[in-house]
Amino acid sequence: MNLPKIPLADWIETIEKWLENNLGPFFDIISAIIGGTVNGLDDVLRGLPALVIIAVFVVLAWFLGKWKLALFTAIGLLIIENLGLWGPTMQTLALVLTAAIISVVIGVPIGILCARSNAMQRIFTPLLDFMQTMPAFVYLLPAVTFFRLGVVPGVISSIIFAIPPTIRLTNLGIRQVPGELVEAADAFGSTPLQKLFKLQLPIAVPTIMAGINQTIMLSLSMVVIASMIGAQGVGEYVYRAVTQGRTGVGFEAGLAIVILAIILDRLTQKVVQRTEKQS
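Cut-offs used in this document
Residues numbered from 1 in each chain as written. Predicted model: local features only at pLDDT ≥ 70, side-chain atom pairs only at ≥ 80, totals over all residues. Heavy atoms only, no water. UniProt positions renumbered as here; feature names shortened; annotations may be inferred. Helix = DSSP H or I, 4+ residues; strand = E, 2+ residues; numbered from the N terminus. Phe/Tyr/Trp six-rings, centres within 6.5 Å; stacked < 30°, edge-to-face > 60°. Lys NZ or Arg CZ within 6 Å of the ring centre and 35° of its normal. Polar contact = N/O pair within 3.5 Å; in protein donor to acceptor, adjacent residues only side chain to side chain. Contact = heavy atoms within 4.5 Å. Axes fitted to C-alpha atoms, helices over the stretch in contact; angles between N-to-C directions. Parallel < 35°, antiparallel > 145°, perpendicular 65-115°, else oblique. Left-handed = near helix turned anticlockwise from the far one by under 90°. Nonpolar A, V, L, I, M, F, W, Y, C, P; charged D, E, K, R; others polar. Expected span 1.5 Å × (residues − 1). Buried < 20%, exposed > 50% of the residue type's maximum accessible area, 1.4 Å probe, protein only.

- For the protein chain, the name recorded in an unreviewed UniProt entry is Proline/glycine betaine ABC transporter permease, with Paenibacillus pinisoli as its organism.
- The UniProt entry for the protein chain carries this comment under Sequence similarities (unreviewed entry): "Belongs to the binding-protein-dependent transport system permease family."

Given below as structure tokens:
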């Protein structure tokens, strides 16, 4: 006996068309905000001389991780400049920073909400599971439908793909605050907001920062994939190399992405370590 197929694809496409027809102005506002943020960061990163940006990263690396990280940062960024990929790398960095900032702005409050409500945690947990296990390429389709081609759908798909770690680890960090401290705060008459901002969040900062670190790494990987829908940056060079069979060009672009990923990862890890020592 053959059961009739569930018309899931038709349902999804119907919802997609309804959203496109009825929420067009809302999507235009989102597109303007994200596009403006990306363009602003891109103008700053590519407008300043490469040596100035390199110096800023080296000083930051020295402050957070001492001379080894600073040396790697200097050599890595100089290699990117030497390969002629500085401009595309800064475009990629602008996309990653935009996606990561928006993910944190949205993800941390949702994580706090989940930590304060078991019902909200039960609602969001399967959604986060779905977001993390769905193939990344699938996110490109609705992003293109609502925001056309370009950097905006690339950032949107990156946010959807990268936001779960921030939500999960914010929730986890707050829930791991010792119950005795929470009871002591209640005993001293602390309001919920005072308890959150003066006790729970400071203690949870290392865990939250670990989630932000993962979000940044996932944003970088998704931004590269988003080059298929017109997102700019080094991912465009990778995609072009794959379609044209140019192994050397692909390796150079891949090396630039690896260097950028290692620098961002090490810097955020050092921030996590500092917050752990201070907490």
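1. Overview of the UniProt feature "domain: ABC transmembrane type-1" (unreviewed entry) in the protein chain
Step number 1: The UniProt record annotates "domain: ABC transmembrane type-1" (unreviewed entry) at residues 89-268.
Step number 2: Within residues 89-268, the helical portion is 84% and the strand portion 0%, while the C-alpha atoms at the span's ends are 18 Å from each other.

2. Overview of the packing of aromatic side chains
Pairs of aromatic rings are described using the distance from one ring centre to the other and the angle between the two planes.
Step number 1: With the rule as written, the count across this model stands at one aromatic pair.
Step number 2: An angle of 55° between the planes, with centres 5.9 Å apart, marks the rings of F26 and F27 as tilted.
Step number 3: The positively charged end of R240 is found above the aromatic ring belonging to Y237, 5.1 Å away from the centroid.

3. Quick word on the UniProt feature "transmembrane region" (unreviewed entry) in the protein chain
Step number 1: What UniProt calls "transmembrane region" (unreviewed entry) maps, in this numbering, to residues 44-64, 69-87, 93-115, 136-163, 216-235 and 247-264.
Step number 2: Split by type, residues 69-87 is 84% helix and 0% strand. Its first and last C-alpha atoms lie 23 Å apart.
Step number 3: Taken end to end, residues 93-115 is 100% helix and 0% strand, and its first and last C-alpha atoms sit 31 Å apart.

4. Let's talk about the side chain of D265
Step number 1: Relative to the helices and strands, D265 is located in helix α12 (residues 247-278).
Step number 2: A polar atom in the side chain of D265 sits 3.2 Å from the side chain of N213.
Step number 3: In this view, D265 contacts N213 and M217; residues no more than four positions away in its chain are not counted.

5. Focus: the packing of helix α4 (residues 86-116) against helix α7 (residues 151-162)
Step number 1: Contact pair α4 / α7: the axes reach a minimum separation of 9 Å and the direction vectors enclose 45°. As judged from the angle between their axes, α4 and α7 are oblique. As for the relative orientation of α4 and α7, their crossing is right-handed in sense. Residue-level inspection shows L95, T98, A99, I102 and S103 of α4 in contact with α7, the latter providing V151, V155, S158 and I159.
Step number 2: Its residues assigned to classes, the contact of α4 with α7 shows six nonpolar, three polar and no charged.

6. Some details on helix α2 (residues 24-47)
Since the α-helix turns once every 3.6 residues, residues separated by three or four places project in the same direction.
Step number 1: For α2, spanning 24 residues, the distance from its first C-alpha to its last is 33 Å, which sits close to the expected 34 Å at 1.5 Å a residue.
Step number 2: Burial in α2 covers these residues: G24, F27, I34, G35, V38, D42 and L45.
Step number 3: If you follow the buried residues of α2, they end up packed against α1 (8-22), α3 (50-82), α4, α6 (140-147) and α7.

7. Describing the packing of α4 against helix α8 (residues 164-175)
Step number 1: In contact at an axis separation of 7 Å, α4 and α8 are set at 40° when each is read in the N-to-C sense. As summarised for this structure, α4 and α8 are arranged oblique, according to the angle between their axes. As α4 packs across α8, the resulting crossing turns out to be right-handed. Of the residues in α8, those in contact with S103, V104, G107, V108, I110, G111, I112, C114 and A115 of α4 are T166, I167, T170, N171, I174 and R175.
Step number 2: Counted by class, the contact of α4 with α8 contains eight nonpolar, six polar and one charged residues.

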